[in-house]
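Here are the chains, one letter per residue:
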Amino acid sequence: MPEYLVLKDAFCRCKKEGKFLAVEFVDIHKIKSTLDIAEGDISSANRLIADIPKDSIEWNSVYKLYYDALHEMAESFLRFDRIKIDNHQCLFAYLCEIHPELDFDWDFFEIVRTKRNGIHYYGTPVNFDDWKKIELQFRLYFNKLKEEILMKLNAL
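To keep things clear, this report deals only with the structure shown in the data block. What you see is a predicted model, and the numbers here were worked out from it, not measured in a lab.

**Considerations on the overall build of the protein**
In step 1: The helix and strand tally for the protein stands at six helices and two strands.
In step 2: Its C-alpha radius of gyration of 16 Å places the protein within 12% of the 15 Å reference for a compact globule of 156 residues.
In step 3: Considering only C-alpha atoms, the protein reaches an extent of 45 × 35 × 25 Å along its principal axes.
In step 4: Expressed as a percentage of contacts within the protein between residues at least 6 apart in sequence, the contacts between residues at least 24 apart total 71%.
In step 5: Carbon and sulfur atoms make up 53% of the accessible area of the protein, which amounts to about 8,400 Å² in all.
In step 6: The centroid of the 22 positive side-chain charges in the protein is displaced by 2 Å from the centroid of its 27 negative side-chain charges.

**A word on the packing of aromatic side chains**
In step 1: Tallied over the entire structure, the rule returns 17 aromatic pairs.
In step 2: The rings of Y63, Y66, Y67, F92, F104, F108, F109, W131, F138 and Y141 are connected pair by pair, giving a single aromatic cluster.

**Focus: helix α2 (residues 28-51)**
The periodicity of an α-helix, 3.6 residues per turn, causes residues three or four places apart in sequence to face the same way.
In step 1: Here α2 spans 35 Å end to end across 24 residues, near enough to the 34 Å set by a 1.5 Å rise per residue.
In step 2: Buried residues along α2 sit against α3 (59-79) and α6 (128-155).
In step 3: Two or three places before H29, at the start of α2, stands the capping residue D27, its side-chain oxygen 3.3 Å from that residue's backbone nitrogen.

**Description of the environment of I28**
In step 1: Looking at where I28 falls in the secondary structure, it is placed in helix α2.
In step 2: By relative accessible area, I28 is classed as partly exposed at 25%.
In step 3: Along the sequence, I28 and Y122 sit 94 residues apart, while their C-alpha atoms lie 36 Å from each other.
In step 4: When residues no more than four places from it in sequence are discounted, the contact partners of I28 are F80, L153 and L156.

**Topic: the pattern of salt bridges**
In step 1: Counted under the stated rule, the structure contains 11 salt bridges.
In step 2: Between D130 and K115 there is a salt bridge, with the nearest N and O atoms lying 3.3 Å from each other. One end of the pair, D130, is in helix α6; the other, K115, is in helix α5 (residues 106-122), and 15 residues separate them in sequence.
In step 3: Accessibility expressed as a relative area gives 13% for D130, which makes it buried.
In step 4: Residue E135 is joined to R139 by a salt bridge in which the shortest nitrogen-to-oxygen separation is 2.9 Å. Taken together, the residues span about one helical turn, with E135 and R139 both in helix α6 at a distance of four residues.
In step 5: Residue classification places E135 among the buried positions, given a relative accessible area of 12%.
In step 6: In the salt-bridge network here, residues are joined through shared partners; they are E75, K84 and D86.

Rules used in this analysis
Residues numbered from 1 in each chain as written. Predicted model: local features only at pLDDT ≥ 70, side-chain atom pairs only at ≥ 80, totals over all residues. Heavy atoms only, no water. Helix = DSSP H or I, 4+ residues; strand = E, 2+ residues; numbered from the N terminus. Rg over C-alpha atoms; globule rule 2.2 N^0.38 Å. Contact = heavy atoms within 4.5 Å. Areas by Shrake-Rupley, 256 points an atom, 1.4 Å probe, with all protein chains shown as cover. Lys, Arg positive; Asp, Glu negative; His and termini not counted. Charge placed at Lys NZ, Arg CZ, Asp CG, Glu CD. Phe/Tyr/Trp six-rings, centres within 6.5 Å; stacked < 30°, edge-to-face > 60°. Expected span 1.5 Å × (residues − 1). Polar contact = N/O pair within 3.5 Å; in protein donor to acceptor, adjacent residues only side chain to side chain. Buried < 20%, exposed > 50% of the residue type's maximum accessible area, 1.4 Å probe, protein only. Salt bridge = Lys/Arg side-chain N within 4 Å of Asp/Glu carboxyl O.

Structure follows, in structure tokens:
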């Protein structure tokens, strides 16, 4: 798992390692499809939230669904820049560094990325309290990216 780096260091390392890959064209179909998939993830997570007790292991699923949706939205947004980034840390570093107008917090992305990696790769579960700490920011960032993507699509 990549270690925590401040934004500038993460961005520079990703750039130096060639993690920012140019793509030829903006794939509108893929952007729209990914937007639908991300919204489906959020819808599924919200149904879980409504029905699970605070002590449930299912908070891991909620966390992962929201993380995946946010990741998908970031990828879709950056498709308008004609860029593809497979590494999550590099994706969020590019998003924060190249698009400061979005006013996203790098530390938030690092927190949710490492928590999600803990679930996926290390068997470290999250709980209700972990979810509540980041829920509002997840929702705000998801909605901001969705709004930006829709504006760009409508401008085409």
